[in-house]
Amino acid sequence: MFEFIKDSKNRYKNLVDGEWVASKEDTYIDIYSPLDESLIGSIPAMTREEVDLAVHAAKAAQRKWKLTTIDERGEILYRAAEILLEQTEELATLMMREIAKDMKSSRSEVSRTADFIKFTADTAKNLSGESIPGDSFPGFKSNKISIVRREPLGVVLAISPFNYPINLAASKIAPGLMAGNSILLKPATQGSLCGLYLAKVFEAAGVPAGVLNTITGRGGEIGDYVTTHPEINFINFTGSTEVGARISKLTSMVPLLMELGGKDAAIVLEDADLELTANNIVAGGYSYSGQRCTAVKRILVMEPVANQLVEKIKEKIKKLKVGNPLTDGDVDIVPLINTKAADFVMELIEDAKSKGGKLIAGGNRQGNLIEPTLFDHVTTDMRLAWEEPFGPVLPIIRVKSKQEAIEIANSSVYGLQSAVFTQNINDAFYIADRLEVGTVQINNKTERGPDHFPFLGVKASGLGTQGIRYSIESMSRPKATVINLPDQT
Ligand code: NAP
Ligand code: G3H
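Cut-offs used in this document
Residues numbered from 1 in each chain as written. Chains lettered and ligands numbered in written order. Predicted model: local features only at pLDDT ≥ 70, side-chain atom pairs only at ≥ 80, totals over all residues. Heavy atoms only, no water. UniProt positions renumbered as here; feature names shortened; annotations may be inferred. Phe/Tyr/Trp six-rings, centres within 6.5 Å; stacked < 30°, edge-to-face > 60°. Helix = DSSP H or I, 4+ residues; strand = E, 2+ residues; numbered from the N terminus. Buried < 20%, exposed > 50% of the residue type's maximum accessible area, 1.4 Å probe, protein only. Lys NZ or Arg CZ within 6 Å of the ring centre and 35° of its normal. Core = buried A, V, L, I, M, F, W, Y, C linked by side-chain atoms within 4.5 Å. Contact = heavy atoms within 4.5 Å. Axes fitted to C-alpha atoms, helices over the stretch in contact; angles between N-to-C directions. Parallel < 35°, antiparallel > 145°, perpendicular 65-115°, else oblique. Nonpolar A, V, L, I, M, F, W, Y, C, P; charged D, E, K, R; others polar. Pairing = 2+ DSSP bridges. Expected span 1.5 Å × (residues − 1). Near = heavy atom within 4 Å. Polar contact = N/O pair within 3.5 Å; in protein donor to acceptor, adjacent residues only side chain to side chain. Areas by Shrake-Rupley, 256 points an atom, 1.4 Å probe, with all protein chains shown as cover.

If you check an unreviewed UniProt entry, the protein chain appears there as Glyceraldehyde-3-phosphate dehydrogenase (NADP+) from Anaerobium acetethylicum. Per UniProt, the protein chain has the following entry under Sequence similarities (unreviewed entry): "Belongs to the aldehyde dehydrogenase family."

Student: How do you make sense of the packing of aromatic side chains when you look at a structure like this?
Tutor: The geometry of an aromatic ring pair is captured by the separation of the ring centres together with the interplanar angle, meaning the angle of the planes. For the structure shown, the criterion picks out three aromatic pairs. An angle of 50 degrees between the planes, with centres 6.2 Å apart, marks the rings of Tyr12 and Tyr197 as tilted. Within this pair, whereas Tyr12 is found in the segment before β1 (14-16), its partner Tyr197 is found in helix α6 (residues 192-205), the two being separated by 185 residues in sequence. Geometrically, the ring pair formed by Phe137 and Phe140 is edge-to-face, given 6.1 Å between the ring centres and 65 degrees between the ring planes. Given a relative accessible area of 55%, Phe137 falls into the exposed group. Directly above the ring of Trp65 sits Arg73, whose terminal nitrogen or CZ lies 5.9 Å from the centroid. A cation sits over an aromatic face here: Arg434 above Tyr430, 3.7 Å from the ring centre.

Student: When you look at the nonpolar core in this model, what are you seeing that I'm missing?
Tutor: When a protein is soluble and globular, its nonpolar side chains tend to lie buried together. By size, the foremost hydrophobic cluster in this structure holds 120 residues, and its most contacted members are Phe202, Ile299, Ile313 and Leu374. Ranked by residues supplied to this core, first place goes to α6 with nine residues. Aside from chain neighbours lying at most four places away, what touches Ile299 is Ala266, Val268, Ile281, Leu309, Ile313, Leu374, Leu394, Pro395, Ile396 and Ile397. Counting 21 residues, the second-largest nonpolar core is a separate cluster that includes Val51, Leu157, Val226 and Met258.

Student: Is there a simple way to think about the packing of helix α2 (residues 70-86) against helix α4 (residues 103-125) in this case?
Tutor: At their nearest, the axes of α2 and α4 sit 9 Å apart, and the two run at 170 degrees to each other. Accordingly, the angle class assigned to the pair α2 and α4 is roughly antiparallel. Mapping the contact onto sequence places Ile70, Asp71, Gly74, Glu75, Leu77, Tyr78, Ala81, Leu84 and Leu85 in α2 and Val110, Ser111, Thr113, Ala114, Ile117, Lys118, Thr120, Ala121, Asp122, Ala124 and Lys125 in α4. Residue classes in the contact of α2 with α4 are distributed as eleven nonpolar, four polar and five charged.

Student: How should the UniProt feature "domain: Aldehyde dehydrogenase" (unreviewed entry) in the protein chain be read in this particular structure?
Tutor: Cross-referencing UniProt, the feature "domain: Aldehyde dehydrogenase" (unreviewed entry) maps to residues 20-480 in the present numbering. Between the end C-alpha atoms of residues 20-480 there is a gap of 39 Å, over a span that is 41% helix and 21% strand.

Student: Any chance you could explain the pairing of strand β10 (residues 234-238) here in plain terms?
Tutor: Regular strands show a simple pattern: their side chains alternate between the two faces of the sheet. The buried count for β10 comes to five of five residues, which makes it a mostly enclosed element. Residues Phe234, Asn236 and Thr238 of β10 are buried on one face, and the alternating residues Ile235 and Phe237, pointing to the opposite face, are buried as well. Here strand β7 (residues 155-159) pairs with β10 via four bridges, running parallel. Directly across from Ala158, in β10, lies its bridge partner Asn236. As paired elements, β10 and strand β11 (residues 256-259) share four bridges and run parallel to each other. Bridging across to β11, Phe237 finds its partner in Met258.

Student: When you look at helix α3 (residues 88-99) in this model, what are you seeing that I'm missing?
Tutor: Because an α-helix completes one turn every 3.6 residues, residues spaced three or four positions apart along the sequence face the same direction. In this model α3 runs 16 Å from its N-terminal to its C-terminal C-alpha over twelve residues, within 8% of the 16 Å that 1.5 Å per residue would give. Every buried residue of α3 is listed here: Thr88, Leu91, Ala92, Leu94, Met95, Met96, Glu98 and Ile99. Taken together, the buried residues of α3 touch β3 (28-32), β4 (39-44), α2, α4, α6 and α11 (325-328). Where α3 ends, the next residue or the one after it, Ala100, has phi of about 60 degrees, a positive value.

Student: I keep staring at the site of ligand 2 and nothing clicks. Help me out?
Tutor: The environment of ligand 2 is formed by Arg112, Asn163, Tyr164, Leu168, Arg292, Cys293, Thr294, Glu447 and Arg448. In the model, an oxygen atom of ligand 2 is placed 2.9 Å from a nitrogen or oxygen of the Asn163 side chain. Contact distances for ligand 2 include 2.4 Å between an oxygen atom and a side-chain N or O atom of Tyr164. In the complex, the protein chains occlude 95% of the 300 Å² of accessible area that ligand 2 would expose alone. Partitioning the shell around ligand 2 into residue classes produces three nonpolar, two polar and four charged.

Student: How should the site of ligand 1 be read in this particular structure?
Tutor: The environment of ligand 1 is made up of 33 residues, and the closest members are Thr189, Gly219, Ser240, Leu260 and Glu388. Measuring from an oxygen atom of ligand 1, one finds a side-chain N or O atom of Lys186 at 2.9 Å. A distance of 3.5 Å separates an oxygen atom of ligand 1 from a polar side-chain atom of Arg448. Protein chains bury 87% of the 910 Å² of accessible surface belonging to ligand 1 in isolation. Of all elements in the fold, only α7 (219-227), β10 and α8 (241-250) reach the threshold of two or more residues within the shell around ligand 1. When residues of the shell around ligand 1 are assigned to their parent elements, the largest contribution, five residues, is made by α7.

Student: What should I look at first to understand the sheet that holds strand β20 (residues 417-421) in this one?
Tutor: Pairing is mixed across the open sheet formed by seven strands, whose spatial order is β14-β17-β18-β13-β12-β20-β21. Across the chains shown, the open sheet's two edge strands, defined by having one partner strand only, are β14 (358-361) and β21 (439-442). If you compare each strand with its neighbour and ignore which way they point, the axes differ by 25 degrees on average. Against the sheet, helix α13 (residues 402-410) makes contact with β12 (265-268), β13 (298-302) and β18 (393-399), and its axis sits at roughly 165 degrees relative to β13, the strand it touches most.

Student: I keep staring at the UniProt feature "active site" (unreviewed entry) in the protein chain and nothing clicks. Help me out?
Tutor: This chain's UniProt record puts "active site" (unreviewed entry) on Glu259. Along the polypeptide, Glu259 turns up in strand β11. Filtering out sequence-adjacent residues up to four positions away, Glu259 remains in contact with Leu168, Lys172, Phe237, Thr238, Gly239, Arg448, Phe455, Ser461 and Gln466.

Written as structure tokens, this is what we have:
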């Protein structure tokens, strides 16, 4: 079923107006596996003219799509979820090869996405509008009633990152479609092959021609053109703060929804259950080598329990499996996405070493595979205290009070999530109320799911709110029709 999205030379095509089209100018970008440098496919580097065709198709198709019933859209999404599940092995294998995610996590990304799609259809089918009486406002009588329904925004540009190439593309496509929008998916270049497969799944499920289109090419080359295209009505972006900020500077009068970088803190108080805390920190900090927006990225621990916590984390790090998912099976620590990413992590490690950070575990590199690394006694002059590594390295900053933990946590430019570990509910709420983040987890690692919870970042971590119902609402707007009855008083 998936063969015709690529040719015999493994050159993938884009979905434009219901057709799978090759590069018109024969310009392709080769995609190599981070696991063994093998060539796994090529994607079209689309030209501006090709982008225009996709945008025009999306605009024309949306006029009809918005007239379909919510039930019809839901049926298509249910089919998409089923097809996605049927393709689990093929897609998970591709994902493992394309972004170096282990098979277990790749499979679970596919099944989580199928659940996400089904839940989105259910949620959209159960949303209702409202009617607002006019006479609750001073000076108005009961003859005025506002009937408020939701309308689609038009053409949604969905830009996804490399680290969840299926889930973070579908989490834009599914709610966008249910709201009645058409979608242009621009996947991360490393992750495009998965993104194109996902588009095929939606097409096979019955999404009409032009309602979902794909755009491939390097963000640095076509990104500005796409994001400033006059026919785009909404941009839903997940990726780095750097690119997100660029998009928000370049665009004008286009609403934006952005999930960006983070530096999530785990705050550990003296009364924390240290076993549970260490388990969560290790799972939260090192899974997929820390290449998750919500990874635990710093630990702020009260001095009296710091030694014990360090010992526990160190012991658990020893049990992590480090290797190559292609040859070593389900490993926790995988090679990073590319050499630039690995070089950056090593820079942070060297900086911490040179400024007196105490290396507790790891610190070494083999190619792009970096050992799970832990530093104790990290101080606020070290880059590791503030920068997002997107790699398997965790700094421990020892603190003397709750106040100091809150101050350091809030001094970050980021504000995605934080975790507080304590057995005292009053302390948990005291700290949670003061943290400048979208979500605070009490006694759990920072994490996105369940996917119907609101998910948002403040400060440099994002704009707007995701989460199934929130995403549908973000990609639609209220439309009010006011009934003015004859005044009978
Ligand atoms: P990235 O480099 O910012 O890329 C994200 C997407 O933006 C890719 O599709 C990329 O395409 C595209 N892009 C690049 N330049 C562009 C431009 N000028 N205009 C429009 N699009 C452009 O991020 P990444 O390396 O894929 O992902 C890692 C980052 O994402 C981390 O900072 C992480 O924290 C963040 N993230 C945040 C969340 C969240 O929910 N808050 C979730 C996941 C990831 P190319 O690949 O072609 O360059
Ligand atoms: O990378 C960002 C993802 O949205 C994080 O999801 O917390 O389930 O890993 P996760």
